[in-house]
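Secondary and tertiary structure notes
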Amino acid sequence: MNENRIKQVLEIEKKADEIHSQAMTEAQQLPAQAEQESQEIVNQARAQAQEEARQIVAKSGAEDEVARILAGAQEKNRQMEALSMSNFDRSVNYILDRVTGKE
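Cut-offs applied
- Residues numbered from 1 in each chain as written.
- Predicted model: local features only at pLDDT ≥ 70, side-chain atom pairs only at ≥ 80, totals over all residues.
- Heavy atoms only, no water.
- Helix = DSSP H or I, 4+ residues; strand = E, 2+ residues; numbered from the N terminus.
- Rg over C-alpha atoms; globule rule 2.2 N^0.38 Å.
- Buried < 20%, exposed > 50% of the residue type's maximum accessible area, 1.4 Å probe, protein only.
- Areas by Shrake-Rupley, 256 points an atom, 1.4 Å probe, with all protein chains shown as cover.
- Lys, Arg positive; Asp, Glu negative; His and termini not counted.
- Charge placed at Lys NZ, Arg CZ, Asp CG, Glu CD.
- Expected span 1.5 Å × (residues − 1).
- Bend = angle between axes of the 7 residues up to and from the residue.
- Salt bridge = Lys/Arg side-chain N within 4 Å of Asp/Glu carboxyl O.
- Patch = residues over 30% accessible without salt bridge, like charges linked within 9 Å, V, L, I, M, F, W, Y side chains within 5 Å.
- Polar contact = N/O pair within 3.5 Å; in protein donor to acceptor, adjacent residues only side chain to side chain.

1. Some points on the overall build of the protein
- Across its full length, the protein carries one helix and zero strands.
- A compact globule built from 103 residues would reach a C-alpha radius of gyration of about 13 Å, whereas the protein, at 43 Å, exceeds it by more than 25%.
- A principal-axis box enclosing the C-alpha atoms of the protein has dimensions of 145 × 20 × 10 Å.
- For the protein, with 103 residues in total, the buried portion stands at 0%.
- Of the roughly 9,500 Å² of accessible surface on the protein, a fraction of 57% belongs to carbon and sulfur atoms.
- Taking the average place of the 13 positive charges on the side chains of the protein and the average place of its 19 negative ones, the gap between the two points comes to 8 Å.

Below is the structure:
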């Protein structure tokens, strides 16, 4: 019976050594695993920030384009108003000339 107890104790010690070895191996791998995971998080954050920056630049570019088009449209509107007023003045003069019999 003592021999069985000694075998059990030896078997328990062997399992304990295996568990300890496995725990040490895992503990040694944890820093590398943590570094890898943190690098993945950094890469994801960087990619997301770059996408957000691209969208901001695209939006800014679109707003600049809208402002340019609007400025051009306003300038054309001013030109048309000036031309319209010129034509209006000539029309009024023409009508006055017709009414007064000058033409």
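2. A short note on helix 1 (residues 2-100)
- The terminal C-alpha atoms of helix 1, which comprises 99 residues, lie 142 Å apart, in line with the 147 Å expected from a rise of 1.5 Å per residue.
- Of all bends in helix 1, the biggest is about 30 degrees, found at Leu30, and the proline Pro31 comes one to four residues later.
- Residue Gly101 follows helix 1 closely and has a positive phi angle near 80 degrees.

3. Some words on the pattern of salt bridges
- With the rule as written, the count across this model stands at four salt bridges.
- Its salt-bridge partner being Lys7, residue Glu3 comes within 3.9 Å of it at the nearest N-O pair. In this pair, Glu3 and Lys7 both sit in helix 1, four residues apart, roughly one turn of the helix.

4. Topic: a nonpolar patch on the surface
- Taken together, Met85, Phe88, Val92 and Leu96 make up a surface patch of nonpolar side chains, about 370 Å² in accessible area.
- Among the secondary structure elements, Phe88 is positioned in helix 1.

5. Describing a negative patch on the surface
- Together, Glu11, Glu13, Asp17 and Glu18 make up a region of like negative charge exposed at the surface.
- In this structure Glu11 comes out as partly exposed when scored by relative accessible area, which is 39%.

6. Thoughts on the environment of Arg54
- Mapping Arg54 onto the fold places it in helix 1.
- Among the polar contacts listed, one links the side chain of Arg54 to the side chain of Glu51, at a separation of 2.6 Å.

7. A few points about the environment of Glu75
- Within the secondary structure, Glu75 is located in helix 1.
- Spatially, the C-alpha atoms of Glu75 and Leu10 are 96 Å apart, while their sequence positions differ by 65 residues.

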